[in-house]
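An overview of the molecular structure
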Amino acid sequence: MRTIIILLLYLVISILSIPMYLVEFILRKINPKTAAKTAQTIVRGAFSLVMFLSGCKKTVVGIENIPTDIPVMYAANHRSFYDIILAYATVPTLTAFISKMEIKKMPCVAQWMYFLNCQFMDRGNVKQNLNVILNAISLVRDGYSIYIAPEGTRNATDTLLEFKEGSMKIATKGNCPIIPVCFHGTEDIFENRLPWIHKGEIRIEFGEPVYPDKLDKDTKKHLGAYVHDIVAEMYEKAKN
């Protein structure tokens, strides 16, 4: 039943979004940042409704760890499509997500991601991936936070995959702190119960910010592994 309700909601939102696209296009011409803030408010509301109708009971930990006066790079483990829903309903800063190219094929979702300045990464295309990283660095310098899952793909195992070191360039070149992010339980809402959506408890935890310029040379050289270990520790604690 929940799956049908969410599909119907997706249809309704897609229809209601059509006139909003025009408003967003006009806003982007006048003030791109205002357009992005407006889009994020709308997406946050829509995703909060999705979680409610899905029967998700969310727990948010460590939101106070996020600086709100400067952009940050969120570095998260990736368990489920519901990670994105929970994250966008929670992050307090203006944020552009880095997503896989396949999401571009989703009607309505892809259009709102465009308004949010999200970047689409084509896995396996090194040159395109580099351009995405460079675009993300530019966004950070323009005041946008960036959300990325450095594992590079959704992880169906019970341990974290290696964090891609290249993704850390966003923080080091953009000169912003990294917020470790840990999701737990999101895969039990949908992926572990395909094709149906089930209610359940989901959790997002924001760790203390990591400032790359304050780390020693060796740690900074292996920054991806360093942040990986922080998120992995958070994940193990959340299981207990």
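Criteria and cut-off values
Residues numbered from 1 in each chain as written. Predicted model: local features only at pLDDT ≥ 70, side-chain atom pairs only at ≥ 80, totals over all residues. Heavy atoms only, no water. Phe/Tyr/Trp six-rings, centres within 6.5 Å; stacked < 30°, edge-to-face > 60°. Helix = DSSP H or I, 4+ residues; strand = E, 2+ residues; numbered from the N terminus. Buried < 20%, exposed > 50% of the residue type's maximum accessible area, 1.4 Å probe, protein only. Pairing = 2+ DSSP bridges. Axes fitted to C-alpha atoms, helices over the stretch in contact; angles between N-to-C directions. Polar contact = N/O pair within 3.5 Å; in protein donor to acceptor, adjacent residues only side chain to side chain. Contact = heavy atoms within 4.5 Å. pLDDT = per-residue confidence, 0-100. Disulfide = S-S within 2.5 Å. Patch = residues over 30% accessible without salt bridge, like charges linked within 9 Å, V, L, I, M, F, W, Y side chains within 5 Å. Areas by Shrake-Rupley, 256 points an atom, 1.4 Å probe, with all protein chains shown as cover. Salt bridge = Lys/Arg side-chain N within 4 Å of Asp/Glu carboxyl O. Lys, Arg positive; Asp, Glu negative; His and termini not counted. Charge placed at Lys NZ, Arg CZ, Asp CG, Glu CD. Parallel < 35°, antiparallel > 145°, perpendicular 65-115°, else oblique. Left-handed = near helix turned anticlockwise from the far one by under 90°. Nonpolar A, V, L, I, M, F, W, Y, C, P; charged D, E, K, R; others polar. Expected span 1.5 Å × (residues − 1).

1. Quick word on the packing of aromatic side chains
The description of an aromatic ring pair rests on the distance of the ring centres and on the angle between the ring planes. Evaluated as defined, the whole model comprises nine aromatic pairs. Their ring planes at 50° and their centres at 5.9 Å tell us that Y21 and F115 sit as a pair that is tilted. One end of the pair, Y21, is in helix α1 (residues 2-30); the other, F115, is in helix α4 (residues 109-115), with 94 residues separating them in the sequence. In this structure, Y21 and F115 share a single accessibility class: buried. Summarising the aromatic geometry, the rings of W112 and F115 are spaced 5.4 Å apart at their centres and angled 70° between planes, so their arrangement reads as edge-to-face.

2. A few points about the sheet that holds strand β5 (residues 145-148)
Here we have seven strands laid out as an open sheet, ordered β1-β7-β6-β2-β5-β3-β4, and mixed in their pairing. Only two strands of the sheet have a single partner each, and these edge strands are β1 (56-61) and β4 (119-121). Ignoring which end each strand starts from, the neighbouring axes of this sheet average 20° apart. Bridging between strand β3 (residues 95-100) and β4 involves three bridges; their strand directions are parallel. Paired with S99 across the strands is F120, a residue of β4.

3. Comments concerning the pairing of strand β7 (residues 200-206)
In this sheet, β7 lies alongside β1 in parallel orientation, the contact comprising six bridges. Across the sheet, residue V61 finds its bridge partner in β7, namely E205. Bridge count for strand β6 (residues 178-184) against β7 is four bridges, and the pairing is antiparallel. In the strand pairing of β7, V181 is matched with F206.

4. Observations regarding the side chain of H78
Relative to the helices and strands, H78 resides in the loop between β2 (73-76) and α3 (81-88). The exposure class assigned to H78 is buried, which follows from its relative accessible area of 17%. Engagement of the side chain of H78 in a polar contact is seen with the side chain of D83, the distance being 2.9 Å. Residues contacting H78, with those up to four places away along its chain left out, are D83, A149, E151, T153, R154 and N155.

5. Thoughts on the confidence of the model for the chain
A residue-level look at the chain finds 100% of positions with pLDDT of 70 or above and a mean pLDDT of 94. Across the chain, the secondary-structure element scoring lowest on mean pLDDT is helix α7 (residues 217-221), at 92, and the one scoring highest is β2, at 98.

6. Quick notes on the state of the cysteines
The full count for this structure, using the stated rule, is zero disulfides. C108 takes part in no disulfide bond, and the closest cysteine sulfur to it belongs to C118, at a distance of 13 Å.

7. Some points on a nonpolar patch on the surface
On the surface, a cluster of nonpolar side chains totalling about 390 Å² of accessible area is made up of I4, L8, L11 and I15. Looking at the secondary structure, you find I4 in helix α1.

8. Some words on a positive patch on the surface
Taken together, R141, K169, K173 and K220 make up a surface patch of like positive charges. Along the chain, the position of K169 falls in helix α6 (residues 169-174). Using a relative accessible area of 43% as the deciding quantity, one classes K169 as partly exposed.

9. So, the packing of helix α2 (residues 32-54) against α3
Contact geometry for α2 and α3: axes closest at 8 Å, N-to-C directions at 125°. With respect to each other, α2 and α3 are oriented oblique. For the crossing formed where α2 meets α3, the hand is left-handed. Contacts between α2 and α3 pair Q40, V43, R44, F47, V50, M51 and S54 from the former with Y82, I84, I85, L86 and Y88 from the latter. Class assignment of the residues belonging to the contact of α2 with α3 gives a composition of nine nonpolar, two polar and one charged.

10. Here we look at α2
For α2, spanning 23 residues, the distance from its first C-alpha to its last is 32 Å, which sits close to the expected 33 Å at 1.5 Å a residue. All of the buried residues in α2 are A35, A36, A39, Q40, V43, A46, F47, V50, M51 and S54. Where α2 is buried, its residues contact α1, β1, α3, β3, α4 and β7. Just beyond α2, the residue with positive phi is G55, at close to 80°.

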